[in-house]
Each structure stands twice: as C-alpha cells, then as structure tokens.
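What follows is each chain in one-letter form.
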Amino acid sequence: MVNSGFLSKFKHPGVKVIAVSKTKTPDQILEIYNAGHRDFGENKVQELAQKAEELPKDINWHMIGHLQSNKVKYIAPFVHLIHSVDSKKLLKTIDNEAKKSDRVIKVLLQVRIAEEETKFGMEAEDLHEILEEFNANLYPNVKICGLMGMATFTDDQSQIEREFETLHDIFIEMKVVYFTQAYYFKELSMGMSGDYELAIEHGATMVRIGTLIFGRRNT
Ligand SMILES: *Cc1c(COP(=O)(O)O)cnc(C)c1O
C-alpha cells in the first residue's frame, strides 16, 4: 500500500527523500506525485525510461542502480541525477552521452563501504584518480555533486554506523581536497528504509526510500 504519510511526516531540513519506485506501477507513483513529491528513483534503465515517458515531465528521475555503459544513452537525455557511478569507464560514457544531448549530467560517485562482496562501488584511490581528472576538465559534461553508498544488510547497528561514518569521512576528505572552490559537491546519498535515520545522523543529504513509501516489493 502506498503511504504518502511518510513523506508528509518527514522533517529533516536539508535532507531530500528520493522515493524509490522500482517495480511499482505508474498509478502508484502518481499517488505520491499528486501528494506533491517530485523526486523518484529507479534501479533499472528500461523501467526508468519507460516510466519517464509515461509520467509527468516535471519528475526528477534518479538512477540509483548499477548502470551498464551501453545503456547510458537511454537515460542521458533526461535523467536528473545518477547516484551509481562506479567506474571511470562509466563516467566517461556518461560524459560522452551528455555531450550528445547537449547537457551537463549531475552524478554521484558510488563508494564501496559494505563488507559484502556483492555491493558495487569504488575505493578511495579510484575517487582520487577520477577527481583529479575531473578538476583537469576531462569530463566537461558531467558535474560530480557528491558520493553515494550502501551499508551492509545487517541487524548490527554499530556496523552500519561505522560504514556510514567511513563514507562521511571520505566525503569530507574529497570536498576539502578537490572542491574548495566548488559549491556543488555537497550531496551524500546514503540510507534506505531500514537505516535512513542512522544515515541522517551521519550526514546524509539524500535518503533513498522505497518500502516505507510504496510498501513491500514482491520481486
Ligand atoms: C531498492 C533500493 C533502495 C530502497 O530500498 P528500501 O529498503 O525499499 O527503502 C535504495 N537504494 C537502492 C540502490 C536500491 O536499489
């Protein structure tokens, strides 16, 4: 069941909720849209592109899932923010496709903070390499606006906290080293339905909430 109450009760100044609508129907999304929400997240390119075509044009679409380079072209013309940039190759492709669409695409770099092997993301060294190139203007059609991460799926609160804290530390480090002159490196996307409160305590500026808004997913 869709629950727009979560959004109306959500009161954290400076924290944006991305309503994660994967597997949910356009009608369910419209319920949340009609309650005034405009930021929605999807994790699959085809589903994202299809919903974007069907739904109102003033929705800000966030790509939050693993993105293959050969699929970037399908979302480049309209995507609002790509949270899940996990390789230099992908960043280069986004830059190329953004240029073709005559756009500058906003992205976050995904950092691997979880101990689970299954989670995507880069290490701090990869970030240094990319941000040096970014500052040397090698990616003129992307704007790196911050970092994204996913904590380990566990009941161990202290482990989740450690991982969020690590990501926040890396975020501050990158900001200090590479973005002293740039206001736009300011987003830290971390936290989902199960751990968003911890994420906010540790400096999240965007939380990606699916289940608490749209109910449980069957797939
Ligand atoms: C599905 C998903 C979410 C939301 O998960 P919930 O637990 O339903 O809030 C957040 N981030 C990513 C990357 C996801 O794939």
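Notes on the structure follow. Since the model is a prediction, treat every value here as computed from it, not as a measurement. (Residues numbered from 1 in each chain as written. Predicted model: local features only at pLDDT ≥ 70, side-chain atom pairs only at ≥ 80, totals over all residues. Heavy atoms only, no water.)

With respect to the secondary-structure elements, Asp95 resides in helix α4 (residues 88–100). Among the polar contacts made by the side chain of Asp95, one reaches the main-chain amide nitrogen of Asn141 at a distance of 2.6 Å. Among the polar contacts made by the side chain of Asp95, one reaches the main-chain amide nitrogen of Val142 at a distance of 3.5 Å. (Helix = DSSP H or I, 4+ residues; strand = E, 2+ residues; numbered from the N terminus. Polar contact = N/O pair within 3.5 Å; in protein donor to acceptor, adjacent residues only side chain to side chain.)

Under the definition given, this model contains nine aromatic pairs. Plain terms: the ring middles of Phe171 and Phe185 are 5.3 Å apart, the flat faces sit at 20° to each other, and that makes the pair stacked. Residue Phe171 is found in helix α6 (residues 157–178), and its partner Phe185 is found in the loop between α6 and β7 (187–189); the two are separated by 14 residues along the sequence. Classification of Phe185 as buried rests on a relative accessible area of 0%. Relative to Phe185, the ring of Phe179 lies with its centre 4.1 Å away and its plane at 10°, an arrangement referred to as stacked. By way of ring pairs, the aromatic residues Phe134, Phe171, Phe179, Tyr183, Tyr184 and Phe185 are connected into one cluster. The ring of Tyr33 has Arg38 sitting right over it, with the charged end atom 3.6 Å from the ring centre. Residue placement shows Lys143 over the ring face of Tyr184; its charged tip is 4.9 Å from the ring centre. (Phe/Tyr/Trp six-rings, centres within 6.5 Å; stacked < 30°, edge-to-face > 60°. Buried < 20%, exposed > 50% of the residue type's maximum accessible area, 1.4 Å probe, protein only. Lys NZ or Arg CZ within 6 Å of the ring centre and 35° of its normal.)

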